[in-house]
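Fold and contact review
Spelled out from the first residue to the last, the chains are:
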Amino acid sequence: DAGITQSPRHKVTETGTPVTLRCHQTENHRYMYWYRQDPGHGLRLIHYSYGVKDTDKGEVSDGYSVSRSKTEDFLLTLESATSSQTSVYFCAISDPSGNTIYFGEGSWLTVV
Amino acid sequence: AQSVTQLGSHVSVSEGALVLLRCNYSSSVPPYLFWYVQYPNQGLQLLLKYTSAATLVKGINGFEAEFKKSETSFHLTKPSAHMSDAAEYFCAVSVPYGGYNKLIFGAGTRLAVHP
């Protein structure tokens, strides 16, 4: 298993509050990703990072920001959570070739 | 545009029967193709991948998939289903996109295995 740890694994928060999800990897890989998984939509890319302080938007980035101050950590922040952001969030990393992506165990977020 | 189509959102088989999950892709460049499995309340686990080497790819848990360029298919098979194979399976294609490799997923196929 790829060394990816997500925290928290489960969180319930109120609308309008900020939320930060953390992804930590022990593989020292360059590329890291945040996806969300929703019924009927499959997995959609939120943001990705190709190195420390190098990040870019994915296909559903509105309402989310990310930061990568260290190779091993990639943070996803919901500045002001909304009910539409209730989802399962997956962190992922690429192997050195960049061709194979490995996923973390997921973070279940409920916004009430 | 690249896309992945998984035929059948739900597949049900008997224990011991052949498992066949269908995946077709469209890609303008030679693709890297993947199958992932997701058990309830867990993350996605890589089952197998095709990266332009052998067209028949063997993965974990007895699964294999065959890349057929002429049919743009990458179907997943297992000769004999086991109860523990019940899960959701995702086919995905990876293509270069800007500064990263974009992973495009199919909608998933939920496999049920009954006694």
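Quick look at the structure, then. (Residues numbered from 1 in each chain as written. Chains lettered and ligands numbered in written order. Predicted model: local features only at pLDDT ≥ 70, side-chain atom pairs only at ≥ 80, totals over all residues. Heavy atoms only, no water.)

This part takes up the overall build of chain A. Of the regular secondary structure elements, chain A holds zero helices and eleven strands. Along chain A, helices (α) and strands (β) appear in the sequence β-β-β-β-β-β-β-β-β-β-β when read from the amino end. A compact globule built from 112 residues would reach a C-alpha radius of gyration of about 13 Å, and chain A, at 13 Å, matches this within 12%. Its C-alpha atoms put chain A at 40 × 30 × 25 Å along the principal axes. Scored against the burial criterion, the 112 residues of chain A give a buried share of 52%. Approximately 5100 Å² of chain A is accessible, and the part contributed by carbon and sulfur atoms is 47%. The average position of the 10 basic charges and that of the 13 acidic charges among the side chains of chain A differ by 4 Å. (Helix = DSSP H or I, 4+ residues; strand = E, 2+ residues; numbered from the N terminus. Rg over C-alpha atoms; globule rule 2.2 N^0.38 Å. Buried < 20%, exposed > 50% of the residue type's maximum accessible area, 1.4 Å probe, protein only. Areas by Shrake-Rupley, 256 points an atom, 1.4 Å probe, with all protein chains shown as cover. Lys, Arg positive; Asp, Glu negative; His and termini not counted. Charge placed at Lys NZ, Arg CZ, Asp CG, Glu CD.)

Moving on, we come to the sheet that holds strand β3 (residues 19-26) of chain B. All names here are of chain B. Taken together, five strands build an open sheet; the order of strands is β1-β3-β8-β7-β6 and the sheet is antiparallel. The two strands at the open ends of the sheet, each matched to only one other strand, are β1 (3-7) and β6 (56-58). The mean inter-strand angle of the sheet, taken between neighbouring strand axes irrespective of direction, is 20 degrees. Bridge count for β6 against strand β7 (residues 64-68) is three bridges, and the pairing is antiparallel. Note on β7: the bridge partner recorded for Leu 56 is Glu 66. (Pairing = 2+ DSSP bridges. Axes fitted to C-alpha atoms, helices over the stretch in contact; angles between N-to-C directions.)

By a frequent convention, interface size equals the accessible area lost on bringing the separate parts together. The interface is formed by 20 residues belonging to chain A together with 17 residues belonging to chain B. Buried area between chain A and chain B, both sides added, is near 1600 Å², and the carbon and sulfur share of it is 54%. Sorting the residues of chain A by area buried against chain B places Leu 43, Asn 99 and Phe 103 of chain A first, and these three jointly supply 29% of that buried surface. Connecting chain A to chain B are zero salt bridges. At the junction of chain A with chain B, the criterion picks out three residue pairs in polar contact (both at pLDDT 80 or more). (Contact = heavy atoms within 4.5 Å. Buried area = accessible area lost by both parts, 1.4 Å probe. Salt bridge = Lys/Arg side-chain N within 4 Å of Asp/Glu carboxyl O. Polar contact = N/O pair within 3.5 Å; in protein donor to acceptor, adjacent residues only side chain to side chain.)

With that out of the way, let us pick up the nonpolar core. Residue and element names in this part refer to chain B. Formed by 29 residues in total, the largest nonpolar core has its most connected members in Trp 35, Leu 48, Phe 74, Leu 76 and Tyr 89. Among the secondary structure elements, those contributing two or more residues to this core are β2 (10-14), β3, β4 (32-38), β5 (44-50), β7, β8 (73-78), β9 (87-97) and β11 (109-114). No other element matches the five residues that β9 contributes to this core. Setting aside residues no more than four positions away along its own chain, Tyr 89 makes contact with Gln 6, Leu 21, Trp 35, Tyr 36, Val 37, Leu 47, Phe 63, Leu 76, Gly 108, Thr 109 and Leu 111. (Core = buried A, V, L, I, M, F, W, Y, C linked by side-chain atoms within 4.5 Å.)

Before going further, it helps to spend a moment on the side chain of Asp 73 of chain A. Examined against the element boundaries, Asp 73 of chain A turns out to sit in strand β8 (residues 73-78). In contact with Asp 73 of chain A, other than residues within four places in its own chain, are Arg 22, Cys 23, His 24, Met 32, Ser 67 and Arg 68 of chain A.

Turning our attention to the environment of Val 66 of chain A. All names here are of chain A. Looking at where Val 66 falls in the secondary structure, it is placed in strand β7 (residues 64-70). Taking relative accessible area as the criterion, Val 66 reaches 17% and is therefore assigned buried. Taking the C-alpha atoms as reference points, Val 66 and Tyr 102, separated by 36 residues in sequence, lie 19 Å from one another. In this structure Val 66 touches Trp 34, His 47, Thr 55, Phe 74, Leu 75 and Leu 76, once residues within four positions along its chain are discounted.

Right, let's get into the side chain of Thr 13 of chain A. Here Thr 13 of chain A is to be found in strand β2 (residues 10-13). Once residues within four sequence positions are removed from consideration, Thr 13 of chain A is found in contact with Val 19, Ala 81, Leu 109, Thr 110, Val 111 and Val 112 of chain A.

Turning to the sheet that holds β8 of chain A, a few remarks are in order. Two orientations exist for strands paired in a sheet by backbone hydrogen bonds: parallel and antiparallel. All names here are of chain A. If you trace the four strands from one edge of the open sheet to the other, you get β1-β3-β8-β7, paired in antiparallel fashion. Sheet topology places β1 (4-7) and β7 at the edges, where each strand pairs with a single neighbour. Strand-to-strand, the axes of this sheet are offset by a mean angle of 20 degrees, without reference to chain direction. The pairing of β1 with strand β3 (residues 19-25) spans four bridges and is classified as antiparallel. By the bridge assignment, Ser 7 is partnered in β3 with Arg 22.

The next point concerns the pattern of salt bridges. Once the charged atoms of two side chains with opposite charge are near each other, the side chains can pair. One pass over the structure, following the stated rule, counts seven salt bridges over all chains. Between Lys 70 of chain A and Asp 73 of chain A there is a salt bridge, with its nearest N and O atoms 3.3 Å apart. For Lys 70 of chain A, a relative accessible area of 41% puts it in the partly exposed group. Residue Asp 73 of chain A is classed as buried on the basis of its relative accessible area, which comes to 8%. A salt bridge links Arg 110 of chain B to Glu 88 of chain B; the shortest N-O distance between them is 2.9 Å. Of the two residues, Arg 110 of chain B is situated in strand β11 and Glu 88 of chain B in strand β9; the sequence distance between them amounts to 22 residues.

In short, the description is geometric, and any link to function would need to be established separately.
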